[in-house]
Amino acid sequence: MLKQERALQTRRTVLDAAARVFAVNGYLGTSLAQILAEAGVTKGALYFHFSSKEELARAVVNEQFAPAADGEAAPLPEGPALQAAIDLSHGIGRSLREDPMMQASIRLVIEQAFTEPDPGPYLRWIEVIEQLLTEAHRVGDLRATVVPADLARFVISSFTGIQLVSGVLDHRTELSRRVGDMWELILPTVVPPRRLHKFRARPETPADAGTASADTADADTA
């Protein structure tokens, strides 16, 4: 058991180190030698868990879905499902500012530097948002004409573009503000007017809002 625990710890050490290097250098700019130096493990230890740089990079990408892959049920969101979708997008944005694993995962997906581009991460995020929007549609928080699957694809596509541009222009310091802008544009077009007051386009807490000003962070969608 102790040997197995050490192996799992080594795998985690390699994954975390790879994420930090991939986040900074991207796939093509990263070598296994750099990851070995960052992780402080032997080449044999790395190859015991990962047969190639591509396999390691795919493992980093899959980390954002690790609980689902392990069969763990995701906790049910509290409150309206549409607000949960909004909050989830801000949570991902916060992770993109703070978490090297998420930074690396998103960068690797966008770069599409693997042998074959992997649509899996996009499809899984679309599925998560679609489930929430389907529930919102069921309870009347979305207009009857809205198709949850189409809206989910639009939300993920928009978020992907927004975070990419924010990464280039301001190193994602303004990402929360821009994601809030996205929802302020989306909500009036998909939510019945009488229900619009129920939803926040922006985070409630300053910590989630990044560098956004207090008045922007507290803005409502009404």
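Owing to the predicted nature of the structure, the values given are computational and were not obtained by experimental measurement.

**With respect to a nonpolar patch on the surface**
Here is step 1 of the chain: A grouping of Val 165, Val 168 and Leu 169 is seen on the molecular surface, where their side chains present a nonpolar patch of about 330 Å² in accessible area.
Here is step 2 of the chain: Here Leu 169 shows up in helix 9 (residues 148-170).

**Brief notes about the nonpolar core**
Buried together is how nonpolar side chains tend to be arranged in soluble globular proteins.
Here is step 1 of the chain: In this structure, Leu 82, Leu 133, Leu 142, Leu 151, Trp 183, Leu 187 and Val 191 are the most contacted members of the largest nonpolar core, which totals 34 residues.
Here is step 2 of the chain: Taken together, the elements giving at least two residues each to this core come down to helix 6 (81-98), helix 7 (100-111), helix 8 (120-138), helix 9 and helix 10 (175-190).
Here is step 3 of the chain: Those residues in contact with Leu 133, other than ones at most four positions away along the chain, are Leu 82, Ala 85, Leu 142, Pro 148, Leu 151 and Ala 152.
Here is step 4 of the chain: Residues Leu 15, Phe 50, Ala 57 and Val 61 belong to the second largest nonpolar core, which totals 23 residues.

**Section: the confidence of the model for the protein**
Here is step 1 of the chain: Counting all residues, the mean pLDDT for the protein is 85, and 84% of those residues have values of 70 or more.
Here is step 2 of the chain: Helix 10 holds the highest mean pLDDT among the elements of the protein, 97, whereas helix 11 (residues 214-217) holds the lowest, 36.
Here is step 3 of the chain: For residues 67-74, every residue scores under 50 in pLDDT, and the model assigns this stretch one contact once sequence neighbours within four places are set aside.

**What to know about unusual backbone geometry**
Here is step 1 of the chain: Here the phi dihedral of His 171 falls at roughly 55°; this positive angle occurs in a residue that is not glycine.
Here is step 2 of the chain: Relative to the assigned elements, His 171 resides in the loop between helix 9 and helix 10.
Here is step 3 of the chain: The phi dihedral of Arg 172 falls on the positive side, at around 65°, and the residue is not glycine.
Here is step 4 of the chain: Overall, Arg 172 belongs to the buried group, its relative accessible area being 16%.

**So, helix 10**
Here is step 1 of the chain: For helix 10, spanning 16 residues, the distance from its first C-alpha to its last is 22 Å, which sits close to the expected 22 Å at 1.5 Å a residue.
Here is step 2 of the chain: Considered for burial, the residues of helix 10 that qualify are Leu 175, Ser 176, Arg 177, Val 179, Gly 180, Met 182, Trp 183, Ile 186, Leu 187 and Val 190.

**Thoughts on the side chain of Thr 30**
Here is step 1 of the chain: Along the chain, Thr 30 falls in the loop between helix 1 (2-25) and helix 2 (32-39).
Here is step 2 of the chain: With near-sequence residues (within four places) excluded, Thr 30 lies in contact with Val 21, Phe 22, Asn 25, Ile 35 and Lys 53.

**Here's the deal with the pattern of salt bridges**
Once their charged atoms are close, side chains differing in charge can pair, the charge on each being opposite to the other.
Here is step 1 of the chain: Evaluated as defined, the whole model comprises 13 salt bridges.
Here is step 2 of the chain: Between Asp 181 and Arg 178 there is a salt bridge; the shortest N-O distance is 3.4 Å. In this pair, Asp 181 and Arg 178 both sit in helix 10, three residues apart, roughly one turn of the helix.
Here is step 3 of the chain: Overall, the relative accessible area of 27% leaves Asp 181 in the partly exposed class.
Here is step 4 of the chain: You can call Arg 178 partly exposed: its relative accessible area is 37%.
Here is step 5 of the chain: In this structure, a network of salt bridges that share partners links the residues Arg 178, Asp 181, Glu 184 and Arg 202.

**Some points on the environment of Gln 112**
Here is step 1 of the chain: For Gln 112, the position within the fold is in the loop between helix 7 and helix 8.
Here is step 2 of the chain: A relative accessible area of 44% places Gln 112 in the partly exposed class.
Here is step 3 of the chain: As for Gln 112 and Tyr 27, which are separated by 85 residues in sequence, their C-alpha atoms are 8.8 Å apart.

**A few points about the packing of helix 8 against helix 9**
Here is step 1 of the chain: Direction vectors running N to C along helix 8 and helix 9 enclose 130°, while the axes themselves pass 8 Å from each other. By the angle between their axes, helix 8 is oblique relative to helix 9. When the axes of helix 8 and helix 9 are compared, the crossing they make is right-handed. Along its contact with helix 8, which presents Tyr 122, Trp 125, Ile 126, Ile 129, Glu 130, Leu 133, Thr 134 and His 137, the element helix 9 presents Pro 148, Ala 149, Leu 151, Ala 152, Arg 153, Ile 156 and Thr 160.
Here is step 2 of the chain: In terms of residue class, the contact of helix 8 with helix 9 is made up of 10 nonpolar, three polar and two charged.

Procedures and definitions
- Residues numbered from 1 in each chain as written.
- Predicted model: local features only at pLDDT ≥ 70, side-chain atom pairs only at ≥ 80, totals over all residues.
- Heavy atoms only, no water.
- Patch = residues over 30% accessible without salt bridge, like charges linked within 9 Å, V, L, I, M, F, W, Y side chains within 5 Å.
- Areas by Shrake-Rupley, 256 points an atom, 1.4 Å probe, with all protein chains shown as cover.
- Salt bridge = Lys/Arg side-chain N within 4 Å of Asp/Glu carboxyl O.
- Helix = DSSP H or I, 4+ residues; strand = E, 2+ residues; numbered from the N terminus.
- Core = buried A, V, L, I, M, F, W, Y, C linked by side-chain atoms within 4.5 Å.
- Buried < 20%, exposed > 50% of the residue type's maximum accessible area, 1.4 Å probe, protein only.
- Contact = heavy atoms within 4.5 Å.
- pLDDT = per-residue confidence, 0-100.
- Expected span 1.5 Å × (residues − 1).
- Axes fitted to C-alpha atoms, helices over the stretch in contact; angles between N-to-C directions.
- Parallel < 35°, antiparallel > 145°, perpendicular 65-115°, else oblique.
- Left-handed = near helix turned anticlockwise from the far one by under 90°.
- Nonpolar A, V, L, I, M, F, W, Y, C, P; charged D, E, K, R; others polar.

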